[in-house]
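If you want the building blocks of each chain, they are given just below.
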Amino acid sequence: MDAPFDVLGIDPDADESEVDRAYRRRVMETHPDQGGSARAFQRVKAAYEAIVEGRVDADEDDGDARDGPARPEGSRVEYLDYEVIDDRGWSLDDDDLFEKAAAADLDPADYGEFLAEPSETLLEAAENRGFAWPYACRGGACANCAVAVVEGEMTTPIDHVLPSDLLDRGIQLSCIGAPTTAELKVVYNVKGMPDLDDLILPPYRFERARSVD
């Protein structure tokens, strides 16, 4: 297997920001949704993980070690669109945010709940139930799919570009993160938050979230 730095197309002495930029670029180039192949996409992810973890060989498999806490049999996900919060003058810091959403008679695309299966990432769970949440790379290399976790927890795989300050504020990536608690409350579509501007990529596909019967 090619050396991790060769896979990302950067020098071994590249700094953290250069590694992140290269990862974002290569994810977009190799992702199957963008005309690439699953094999090439996985090589890029493995290379990035090897560099971030300080491993020499990118073909080492951490297995369950990077999956985080054991996942429940299923997670009830209560969701709210960030645009609703913005339009109504609410705040992510409101303690009664979801109570207000429940009382507001919102469209099912904007507020509701669904059950996520143990095998699904949060983005997959939403899509498998008829919703079209925003995303771009599906590889943790951008923040287009970002959500704000208001209650509950999600896995945080190593292959992501979110800085620690955003993680501390509950910002997670739905394309690679999965619920680890039986109940999860998230605000999706937070890519419009100013702090995420530098992590947004031109979306491959973005439709307004919708639900199907």
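Because the structure is predicted, anything quoted here is derived from the model rather than measured.

(A) Geometry of the overall build of the protein chain. Each helix and strand in the protein chain was counted, giving seven helices and five strands. Along the protein chain, from the amino end to the carboxyl end, the secondary structure elements read α-α-α-β-α-α-β-α-β-α-β-β. Within the span of the protein chain, comprising 213 residues, buried residues form 48% of the whole. Pairs at least 24 apart in sequence give 69% of the contacts found in the protein chain among residues at least 6 apart.

(B) Spotlight on the packing of aromatic side chains. Scanning all chains against the criterion turns up nine aromatic pairs. Taking 5.1 Å as the distance between ring centres and 65° as the angle between the ring planes, the aromatic pair formed by Tyr79 and Phe131 counts as edge-to-face. With a gap of 52 residues between them, Tyr79 in strand S1 (residues 75–81) and Phe131 in the loop between helix H6 (122–128) and strand S3 (146–151) connect regions that are remote in the sequence. Taken individually, Tyr79 and Phe131 each receive the classification buried, so the pair is uniform in this respect. Feature note: the residues Tyr79, Phe114, Phe131, Trp133 and Tyr188 constitute an aromatic cluster, connected by ring pairs. One residue, Arg138, lies across the ring of Tyr135, its end atom 4.2 Å from the ring centre.

(C) Focus on unusual backbone geometry. Even without a glycine there, the phi angle at Asp105 is positive, about 55°. Structurally, Asp105 can be placed in the loop between helix H5 (97–102) and strand S2 (111–116). Within the chain, Asn189 stands out as a residue other than glycine whose phi angle is a positive 70°. Note that Asn189 resides in the segment after strand S5 (183–188).

(D) Empty space enclosed by the protein, seen in detail. This structure, assessed with the given rule, holds one cavity of 30 Å³ or more. The volume enclosed by the largest cavity comes to roughly 30 Å³. Lining of the largest cavity is provided by Thr155, Thr156, Pro157, His160, Gln172, Leu173, Ile176 and Gly177. Its residues assigned to classes, the lining of the largest cavity shows three nonpolar, five polar and no charged.

(E) A negative patch on the surface, seen in detail. A contiguous patch of negative charge, built from Asp11, Asp13, Asp15, Glu16 and Glu18, is present on the exposed surface. Summarising the element assignment, Asp13 is placed in the loop between helix H1 (4–8) and helix H2 (16–30). Relative accessible area serves as the criterion here: at 66%, Asp13 is assigned to the exposed category.

(F) Inspection of the nonpolar core at higher detail. By size, the foremost hydrophobic cluster in this structure holds 62 residues, and its most contacted members are Leu80 and Trp133. Here the element with the most residues in this core is helix H3 (residues 38–53); it accounts for five residues. In contact with Leu80, other than residues within four places in its own chain, are Ile85, Leu97, Phe98, Ala101, Leu106, Asp110, Tyr111, Val186, Val187 and Tyr188.

(G) Looking closely at the pattern of salt bridges. Across all of its chains, the model carries 10 salt bridges by this definition. Residues Asp195 and Arg169 are paired through a salt bridge, measuring 2.6 Å at the closest nitrogen-oxygen approach. Here Asp195, found in the segment after S5, pairs with Arg169, found in the loop between helix H7 (164–168) and strand S4 (171–173); they are 26 residues apart in sequence, far enough to count as distant.

Rules behind the numbers
- Residues numbered from 1 in each chain as written.
- Predicted model: local features only at pLDDT ≥ 70, side-chain atom pairs only at ≥ 80, totals over all residues.
- Heavy atoms only, no water.
- Helix = DSSP H or I, 4+ residues; strand = E, 2+ residues; numbered from the N terminus.
- Buried < 20%, exposed > 50% of the residue type's maximum accessible area, 1.4 Å probe, protein only.
- Contact = heavy atoms within 4.5 Å.
- Phe/Tyr/Trp six-rings, centres within 6.5 Å; stacked < 30°, edge-to-face > 60°.
- Lys NZ or Arg CZ within 6 Å of the ring centre and 35° of its normal.
- 1 Å grid on protein atoms, 1.4 Å probe; cavity = no way out; pocket = protein on both sides within 12 Å on 5 of 7 lines; lining within 4 Å.
- Points joined across faces, edges and corners; volume = space filled by probe spheres on them.
- Nonpolar A, V, L, I, M, F, W, Y, C, P; charged D, E, K, R; others polar.
- Patch = residues over 30% accessible without salt bridge, like charges linked within 9 Å, V, L, I, M, F, W, Y side chains within 5 Å.
- Areas by Shrake-Rupley, 256 points an atom, 1.4 Å probe, with all protein chains shown as cover.
- Salt bridge = Lys/Arg side-chain N within 4 Å of Asp/Glu carboxyl O.
- Lys, Arg positive; Asp, Glu negative; His and termini not counted.
- Charge placed at Lys NZ, Arg CZ, Asp CG, Glu CD.
- Core = buried A, V, L, I, M, F, W, Y, C linked by side-chain atoms within 4.5 Å.

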